[in-house]
Amino acid sequence: MAYELLNDLDDARLDMYARLTDVQLRSRLEPERGVLVAESAKVIERAMDARLHAISLLIGQDQLKKERSLVERFERDYPQAPILTAPNDQLASLTGFELTRGALAAFRRPAPPAASELLRQARRVAVLEDITNHTNVGAIFRNAAALGLDAVLVTPGCYDPFYRRAVRVSMGTVFQVPWARIGEEVSGKGAHGNVARKGGWTCAGLPLLHDAGFRVAAMALSNRSCSLDDAQLAREERLAIVFGTEGEGLSPATIDAADYTVRIPMHHGVDSLNVAAASAVAFWQLRAR
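Throughout this description, residue numbers start from 1 for each chain and increase along the sequence as written. Totals for whole chains, interfaces and linings use all residues, but because this is a predicted model, local features are given only for residues with pLDDT of at least 70 and pairs of side-chain atoms are given and counted only at 80 or more. Think of the side-chain values as coming from all heavy atoms in the structure, minus any hydrogens and water.

## A look at the sheet that holds strand β12 (residues 226-227)
Defined as follows: Two strands form a pair only when DSSP identifies at least two bridges running between them. Working definition: helices are DSSP H or I runs of at least four residues, strands are E runs of at least two. Numbering for both runs from the N terminus. By definition in these notes, contact holds between two residues if any of their heavy atoms fall within 4.5 Å. Fitted lines through C-alpha atoms serve as axes, helices being fitted only where they are in contact, and the angles separating the N-to-C directions of these axes extend from 0 to 180 degrees.
Spatial strand order, β8-β7-β6-β13-β11-β14-β12: 7 strands in an open sheet with parallel pairing. The open sheet is flanked by β8 (179-181) and β12, the only strands paired with a single partner. The pairing of strand β6 (residues 124-128) with strand β7 (residues 151-154) spans 4 bridges and is parallel. Bridge assignment links A126 to a residue of β7, and that residue is V152. Relative to the sheet, helix α12 (residues 275-285) contacts β6, β11 (215-219) and β13 (239-243), its axis offset from that of β13 by approximately 165 degrees.

## So, the packing of aromatic side chains
Going by this rule: The pairing test for Phe, Tyr and Trp rings, Trp by its six-membered ring, is centres within 6.5 Å, and the orientation test on the planes gives stacked under 30 degrees, edge-to-face over 60, and tilted for anything in between. Classification of residues uses two cut-offs on accessible area relative to the type maximum, computed with a 1.4 Å probe and protein chains only: under 20% is buried, over 50% is exposed, and between them is partly exposed.
Within the structure shown, the criterion is met by 6 aromatic pairs. Where F162 meets F175, the ring centres are 5.9 Å apart and the plane angle is 35 degrees; that geometry is what we call tilted. Linking F162 in the loop between β7 and α8 (164-169) with F175 in the loop between α8 and β8, this pair joins segments that are 13 residues apart in sequence. Each member of the pair, F162 together with F175, is buried. Following the ring pairs from residue to residue traces out a cluster consisting of F74, Y78 and F107.

## Some points on the nonpolar core
Inclusion rule: In this text, buried Ala, Val, Leu, Ile, Met, Phe, Trp, Tyr and Cys residues form a nonpolar core when linked through side-chain atoms within 4.5 Å.
In this structure, I44, F74, F107, L128, V152, F175 and F243 are the most contacted members of the largest nonpolar core, which totals 57 residues. With residues up to four places along the chain from it excluded, the contact list for V152 reads A126, L128, F141, A144, V177, P178, W179 and A180.

## As for the sheet that holds strand β2 (residues 35-39)
Taken in spatial order, the 5 strands of this open sheet run β1-β4-β3-β5-β2, and their pairing is mixed. Of all the strands in the sheet, the pair left with one neighbour each is β1 (4-5) and β2. Strand direction decides the pairing type here: strand β3 (residues 54-60) and strand β5 (residues 103-108), joined by 5 bridges, are antiparallel. Bridge pairing in β5 links A54 to F107. Contacts from helix α3 (residues 41-49) reach β2, β3 and β5 within the one sheet, and its direction differs from that of β5 by about 25 degrees. Its contacts with the sheet put helix α4 (residues 68-77) on β3, β4 (83-86) and β5, and the angle it makes with β3 is roughly 155 degrees.

## Observations regarding the side chain of T173
Rule in force here: Whenever two N or O atoms come within 3.5 Å, that pair is a polar contact, provided that in protein one can donate a hydrogen and the other can accept it, and provided that, for residues adjacent in sequence, both atoms are side-chain atoms.
The topology assignment puts T173 in the loop between α8 and β8. We classify T173 as buried; its relative accessible area is 5%. Only 2.7 Å separates the side chain of T173 from the backbone oxygen of S170, close enough to count as a polar contact. With residues near it in sequence (within four places) discarded, T173 still touches R46, F141, R142 and A145.

Quick look at the structure:
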């Protein structure tokens, strides 16, 4: 294995692992140099399977032998990308945590396709409306991959699926499930200036879904909600399942514009599930037959 032992942890090549935030990796270096960070051998392997362009691999000395197959594959697939290593205790002081997952790798951020492109061949898609929790975004992607969703669409106000924590929680499935942005960010005047208007994506996003032949199911508690096991839902040839953020749920504009408002039947006085858990239940029940 060919690797480079770092003597200086101030090496600029380590900035993307420890000294730049996700926002900086996106906006400061985009578009031609946007970066994402993958953690653990499994996630890195999925990034390589997706043929992402690698920048470097960072691995603790203690993991070199354990992750030998990963290092050898990285070296073979990306001969121009350096493999960087240092004693684990030094890397822990740099990154703020032990490299218990074995390795980190930096990749160029691939440009997501147009939503219209993904919808052409899809039958079941998820739409994430303004979900502002990296863990939930990553978990929903993992559920989508496991339960056969064709694509995930995220609104302008939704957290980025390529943020480091979302990638980690998804176990790299953000590289397997196609995803795209949908709708346009619409701003309104708030007390502190212009703010993104929740549900504003529907003006452009809902017509796009309908034009592609999709019926839209909004997951929400409402007086007109139908049950998730309603037979008509399962008969829909193409269905877009829309999920809202924790607490507030979907915007009234989204619920009003949807073809169905859908609830998961509950017991023991429980009124709702965490959005990631709800997505798993909905993906299984509404899967394409």
